[in-house]
Amino acid sequence: MTEEPCQCSDCQRFYKEHDRLIREFPTFKQQQELNWASIQSFRTLCSKVIDELQRNLSENQTKENTISEENHLSDIEINEALDELENVNAYLFSIEALMERILDIKVSKNIELKFKEVSKEIAPDPLNVDRLILNRLFHQTPDMPDKKNSN
Ligand SMILES: [Zn+2]
């Protein structure tokens, strides 16, 4: 019934990161804050890049004939990226709305202790079933860039 955990570099990276987030943020409140900050930072960064790309696009259009060497982004590339990033921001906005509902929930001190207790149990376990289920998404992305040589 239990599947053998995949040991490809993407999965191993995911296991490490997953456990780190449990170890370093072992309470309900910390997980709320972490996930909120994570969604917000993702959205902030995407928004800034969208602004920047739109600026590039309008600059390209105003100085049609001056092709500088620094200008390595084509209009097609920019337009495609804008479409995709705008979709991403719409999804993030939806997640944010759901996250607000989660942020409304508070748990008692005793329940927080239970969170800490459970976090110690599951974080060092490389065969954590929940983590394996979560990682399906990561693993099944075939064109995910290989980051094993970066730091
Ligand atoms: Zn894998």
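The sections below set out a description of the structure shown in this document. Per chain, residues are indexed from 1 in the order of the written sequence. Where local features are concerned, this predicted model is filtered to residues with pLDDT of at least 70; where side-chain atom pairs are given and counted, the filter is 80 or more; whole-chain, interface and lining totals use all residues. Side-chain calculation: all heavy atoms of the structure are included, whereas hydrogens and water are not.

**Describing the nonpolar core**
By convention a nonpolar core is built from buried Ala, Val, Leu, Ile, Met, Phe, Trp, Tyr and Cys residues, the set being connected through side-chain atoms within 4.5 Å. The cut-offs for exposure are 20% and 50% of the maximum accessible area for each residue type, with area from a 1.4 Å probe on protein chains only; residues under the lower value are buried, those over the upper are exposed, and the others partly exposed. Judged by nonpolar contacts, Cys46, Ile50, Leu53, Leu57, Ile78, Leu82 and Leu85 together constitute the single largest core of seven residues. Among the secondary structure elements, those contributing two or more residues to this core are helix H2 (28-62) and helix H3 (75-103). Contacts: residue pairs with any heavy atoms within 4.5 Å of one another. In contact with Leu85, other than residues within four places in its own chain, are Cys46, Val49, Ile50 and Leu53. Working definition: helices are DSSP H or I runs of at least four residues, strands are E runs of at least two. Numbering for both runs from the N terminus.

**Side note on the environment of Glu33**
Counting through the fold element by element, Glu33 comes out in helix H2. Here the alpha-carbon distance between Glu33 and Met99, two residues 66 residues apart in the chain, equals 10.0 Å. For Glu33, the side chain forms a polar contact with the side chain of Lys29, separated by 2.7 Å. Whenever a nitrogen or oxygen atom comes within 3.5 Å of another N or O atom, the pair is scored as a polar contact, on the condition that within protein one atom can donate a hydrogen and the other can accept it, and that pairs from neighbouring residues in sequence are kept only if both atoms are in side chains.

**Here we look at the environment of Lys120**
Mapped onto the secondary structure, Lys120 falls in helix H4 (residues 109-122). Residues Lys120 and Pro26 lie 94 residues apart in sequence; the distance between their C-alpha atoms is 8.0 Å.

**Focus on the pattern of salt bridges**
Where charged atoms of side chains with opposite charge meet at close range, the side chains can pair. Whenever a carboxyl oxygen of Asp or Glu lies within 4 Å of a side-chain nitrogen of Lys or Arg, that contact is scored as a salt bridge. If you walk through the whole model with that rule in mind, you get eight salt bridges. Between Glu59 and Arg55 there is a salt bridge, and its shortest N-O distance comes to 2.8 Å. One end of the pair, Glu59, and the other, Arg55, are both in helix H2, four residues apart, so they sit about a helical turn from each other. One salt-bridge network, in which partners are shared between bridges, spans Glu17, Arg20 and Glu24.

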